[in-house]
There are 2 protein chains.
Amino acid sequence: MEEQFSQVASLIGDPVRAKILWALMDKRAYTATELAVYADTTPQNISMHLNKLVKADLLAVESQGRHKYYNYSRPEIAYAIEALASLLPKEEPKTAYTADEKPIRFCRSCYDHLAGKVGVTLTEALLKQAYIIKDADSFSVTAEGETWFDQFGINLEELKKQKRYFAKPCLDWSERKHHLAGALGAGLLNRMIEDGWVRRVNNSRAIIVTGKGEQRMMEHLKISLK
Amino acid sequence: MEEQFSQVASLIGDPVRAKILWALMDKRAYTATELAVYADTTPQNISMHLNKLVKADLLAVESQGRHKYYNYSRPEIAYAIEALASLLPKEEPKTAYTADEKPIRFCRSCYDHLAGKVGVTLTEALLKQAYIIKDADSFSVTAEGETWFDQFGINLEELKKQKRYFAKPCLDWSERKHHLAGALGAGLLNRMIEDGWVRRVNNSRAIIVTGKGEQRMMEHLKISLK
DNA sequence: TTCACACTTAATTCTAAAATGAAGTATCGA
DNA sequence: TCGATACTTCATTTTAGAATTAAGTGTGAA
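Residues numbered from 1 in each chain as written. Chains lettered and ligands numbered in written order. Predicted model: local features only at pLDDT ≥ 70, side-chain atom pairs only at ≥ 80, totals over all residues. Heavy atoms only, no water.

Asks: Can you walk me through the protein's contact with DNA strand D in this structure?
Replies: Among the 21 residues in the neighbourhood of DNA strand D, the closest are listed as A:Q44, A:N45, A:H49, B:T33 and B:S47. Interatomic distance of 2.6 Å between a side-chain N/O atom of A:H49 and a phosphate oxygen of DNA strand D. Take B:Y70: an N or O atom from its side chain is 3.5 Å from a phosphate oxygen of DNA strand D. Considering only residue class, the surface near DNA strand D consists of 4 nonpolar, 11 polar and 6 charged. (Near = heavy atom within 4 Å. Polar contact = N/O pair within 3.5 Å; in protein donor to acceptor, adjacent residues only side chain to side chain. Nonpolar A, V, L, I, M, F, W, Y, C, P; charged D, E, K, R; others polar.)

Asks: What should I look at first to understand the protein's contact with DNA strand C in this one?
Replies: In the region of DNA strand C, 21 residues are neighbours, and A:T33, A:S47, B:N45, B:H49 and B:K52 sit closest. The sugar-phosphate backbone supplies 71% of the atoms of DNA strand C found within 4 Å of the protein. Contact between DNA strand C and A:A32: a phosphate oxygen at 3.3 Å from a main-chain N or O atom of the residue. At a separation of 3.1 Å, a phosphate oxygen of DNA strand C approaches a polar backbone atom of A:K68. Elements represented by at least two residues in the surface near DNA strand C include exactly α3 (32–39), α4 (43–55) and β3 (67–72) of chain A together with α2 (15–23) and α4 (43–55) of chain B. Per-class residue counts for the surface near DNA strand C are 4 nonpolar, 11 polar and 6 charged. (Helix = DSSP H or I, 4+ residues; strand = E, 2+ residues; numbered from the N terminus.)

Asks: What should I look at first to understand the interface of chain A and chain B in this one?
Replies: Interface size is commonly expressed as the accessible area that is lost once the parts come together. Contacts between the two partners involve 30 residues from chain A, matched on the other side by 30 residues from chain B. Between chain A and chain B, roughly 2,800 Å² of surface is buried when both sides are summed, and carbon and sulfur atoms account for 74% of that area. Ranking the residues of chain A by area buried against chain B places A:E2, A:F5 and A:L87 at the top, with a combined share of 26%. Counting every contact that joins chain A to chain B gives 4 residue pairs in polar contact (both at pLDDT 80 or more). Mapped by element, the contributors of at least two residues to the side of chain A that touches chain B are α1 (2–13), α2 (15–23) and α5 (75–85) of chain A. With 9 residues, the single largest contributor to the side of chain A that touches chain B is α1(A). Taken together, the residues that form the side of chain A that touches chain B break down as 19 nonpolar, 5 polar and 6 charged. (Contact = heavy atoms within 4.5 Å. Buried area = accessible area lost by both parts, 1.4 Å probe.)

Asks: How do you make sense of the relation of the copies chain A and chain B when you look at a structure like this?
Replies: Between the two copies of this chain, the relationship is a rotation about some axis together with a displacement along it. Between chain A and chain B, which share one sequence, the superposing operator has a rotation angle of 180° and an axial displacement of 0.4 Å; the RMSD is 0.3 Å. Here the symmetry operator amounts to a two-fold rotation axis. It is A:S10 whose C-alpha, among those of chain A, lies nearest the rotation axis, at 2.7 Å. The residues that chain A uses at the interface reappear at the interface of chain B in 100% of cases, marking a shared surface. (Least-squares fit on C-alpha atoms with pLDDT ≥ 70 in both.)

Take it as geometry only, folks, not as evidence of what the structure does.
Structure representation (structure tokens):
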């Protein structure tokens, strides 16, 4: 028992791994390379450390193409890190915990669904309104959700027929949080473009939210984009 | 910041130090030698580790003659240890956390005041009834306490004149918790012997509680010795 | 299909810090 | 006052595991 306890603690205690765990405190996922830069070490080294953390079930990985996004594997990890941090000889709080909020990131479309700040916020709103719920590895639509999507002009039956994931959580590269991908995500984006909520910027992947869109999001989902 | 975080974590992460911190989870103080035995290492080594923990303000020391008793320096330490323990891959709880309660330890007098199980229980009861309160480094008697001690036949003014600490917290070697020492502790023991609450066993240091004593303790201080 | 990129793996080197050995010092009990 | 005990200090050795070197593999874009 103390054996395992000691193992977990020493796992956290290495300087590089401590930095990794510290960086992840902001609840966003980071790639191996980013963490290497942050911890000021080489890719090989960070790879080794990340592996140890994953094996010990302190971190979870999510592969996205040639990237790997790392995150806490479960909420207890964050609690433990905070408990440890509370032991630090406390100095002036200074600017700590002030402006975590970065300038609003651009709204981009990830392949064909809606990602970026807007995509994440939208997904969180859908979850909050209980129109969708997140299971282990996918989203599913609730009864209320079915009504809502229907009203919005989205045919769920149609989408389900498509040869692709229906509603898959996708990790956004700028927000580092999950957003709605798969057929449902794409359908939502299409419908929003059709209805003039958002607009593509001159053929690029970038997306901007229209005034109407902002208004409607507030009406339908109580979303304020600030 | 991460620097300090890493330092604290690696401090906890060493196998020997992890064992020390683990042992202290039961909220009792241990001596260096005991911890050395527990952690299966040498006195020199445990001394080195204990020093590191004290310097980092994770542990506090209390010297008692040639012994040194170690304990967490503040409650946050216990929280952090528990938070870390909660990360362990959980196996069967088995017999863990079952019978922490050891067979009742013998009631001994520590120099001339009352120590052991009874001394600690008594002190805790006095605190609970708010007859005494514990400050930084000593006990002091409250207004209600003055009345109570007076009724019990203890002259506080008399005791205060003595050339010794009036009411000092003393760490008991078997219970590993603080109990009342100094003039007040001695006075209390004397009065209890006089009044037949407790009796010395054939000139040894051992003390036994009489039937009358048990009854009176319940009456006066709501103490049940089990 | 080819290159660059993101990340891995394995073998080797390096190093911080844990353990040991050989002195101490302070306290208690006889 | 004289051990025995509890703990410390310092100089030296040992070692676990972090970092490095030198290959890889798999993915995406041109």
